Amino acid sequence: MISCTHESPVGPLTLHSNGVALTGVEFHEPRYPLAPSPPGEDAVLALARRELDAYFAGRLRAFTIALAPRGTPFQLKVWAALRAIPYGATRTYGQQALVIGQPKAVRAVGLANGKNPISIIVPCHRVIGASGALTGFGGGLDRKQALLDLEQGKALML
């Protein structure tokens, strides 16, 4: 495992690689930090930086980088469902619970979203409250709003 820091419009991101796939994208001072990895460079991290830059520039709507998040079977199911939310769309936690076939697991879906180790690329920012209000986001609600605005074609502002 290696990592690097990547400067982005939403602040510094720590990218983690296992040499084959991306294992983490963390905001500065994450709520649930990943295990530290020594600094390094590989093709995975280089691709992650290019794709993130293209995303922030509004030129990339679907990431292609290989991912290897670590979590429980339930978390992995929730995170896979996140990847199915189209660019620019939002879903509620209840809708996500339905997607994974567990309609009563709304709170558990929210907890799993909160532990998503690959922010932005696994788009937990696209999940909102049932009322349409922004709810918890490991990077802060200001970043969540900025990412949603970016996907609606608005200028990225923080």
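Just above sits the structure.
Residues numbered from 1 in each chain as written. Predicted model: local features only at pLDDT ≥ 70, side-chain atom pairs only at ≥ 80, totals over all residues. Heavy atoms only, no water.

K.L.:
When you look at the environment of Glu7 in this model, what are you seeing that I'm missing?
P.N.:
By secondary structure assignment, the location of Glu7 is in the loop between strand S1 (2-6) and strand S2 (13-17). In this structure Glu7 comes out as exposed when scored by relative accessible area, which is 57%. Counting along the chain gives 95 residues from Glu7 to Gln102, while the straight-line C-alpha distance between them is 37 Å. (Helix = DSSP H or I, 4+ residues; strand = E, 2+ residues; numbered from the N terminus. Buried < 20%, exposed > 50% of the residue type's maximum accessible area, 1.4 Å probe, protein only.)

K.L.:
Would you mind going over the nonpolar core with me for this structure?
P.N.:
In this structure, Leu13, Leu15, Leu22, Tyr55, Phe56 and Ile120 are the most contacted members of the largest nonpolar core, which totals 39 residues. Counting only elements with at least two residues in this core, the list comes to S1, S2, strand S3 (22-27), helix H1 (43-56), helix H2 (73-83), helix H3 (93-99), helix H4 (106-114) and helix H5 (141-151). When residues in this core are grouped by element, the largest group, 7 residues, is from H1. Setting aside residues no more than four positions away along its own chain, Leu22 makes contact with Leu15, His16, Val44, Leu45, Ala48, Ile65, Ala66, Leu67, Ala68, Pro69, Ile118 and Ile121. (Core = buried A, V, L, I, M, F, W, Y, C linked by side-chain atoms within 4.5 Å. Contact = heavy atoms within 4.5 Å.)

K.L.:
Which parts of the structure should I look at to understand the packing of H2 against H4?
P.N.:
The relative placement of two packed helices is expressed as an angle between their axes plus a distance between the axes. Packing of H2 against H4 brings their axes to within 9 Å, and their N-to-C directions diverge by 80°. Judged by the angle between their axes, H2 and H4 are roughly perpendicular. In this structure, H2 uses Phe74, Gln75, Val78, Trp79 and Leu82 to contact H4, whose residues at the interface are Ala108, Val109, Ala112 and Asn113. A class-by-class count of the residues in the contact of H2 with H4 yields 7 nonpolar, 2 polar and no charged. (Axes fitted to C-alpha atoms, helices over the stretch in contact; angles between N-to-C directions. Parallel < 35°, antiparallel > 145°, perpendicular 65-115°, else oblique. Nonpolar A, V, L, I, M, F, W, Y, C, P; charged D, E, K, R; others polar.)

K.L.:
Can you walk me through the packing of aromatic side chains in this structure?
P.N.:
Going through the model one piece at a time under the given rule, you end up with 4 aromatic pairs. Pairing Phe27 with Phe137 gives two aromatic rings, centres 5.6 Å apart and planes at 70°, and the pair type is edge-to-face. With Phe27 in strand S3 and Phe137 in the loop between strand S5 (127-128) and H5, this residue pair connects regions lying 110 residues apart in the sequence. Assessed through its relative accessible area of 4%, Phe27 is described here as buried. Taken together, the ring pairs in this structure connect Tyr55, Phe56, Phe63 and Tyr87 into an aromatic cluster. (Phe/Tyr/Trp six-rings, centres within 6.5 Å; stacked < 30°, edge-to-face > 60°.)

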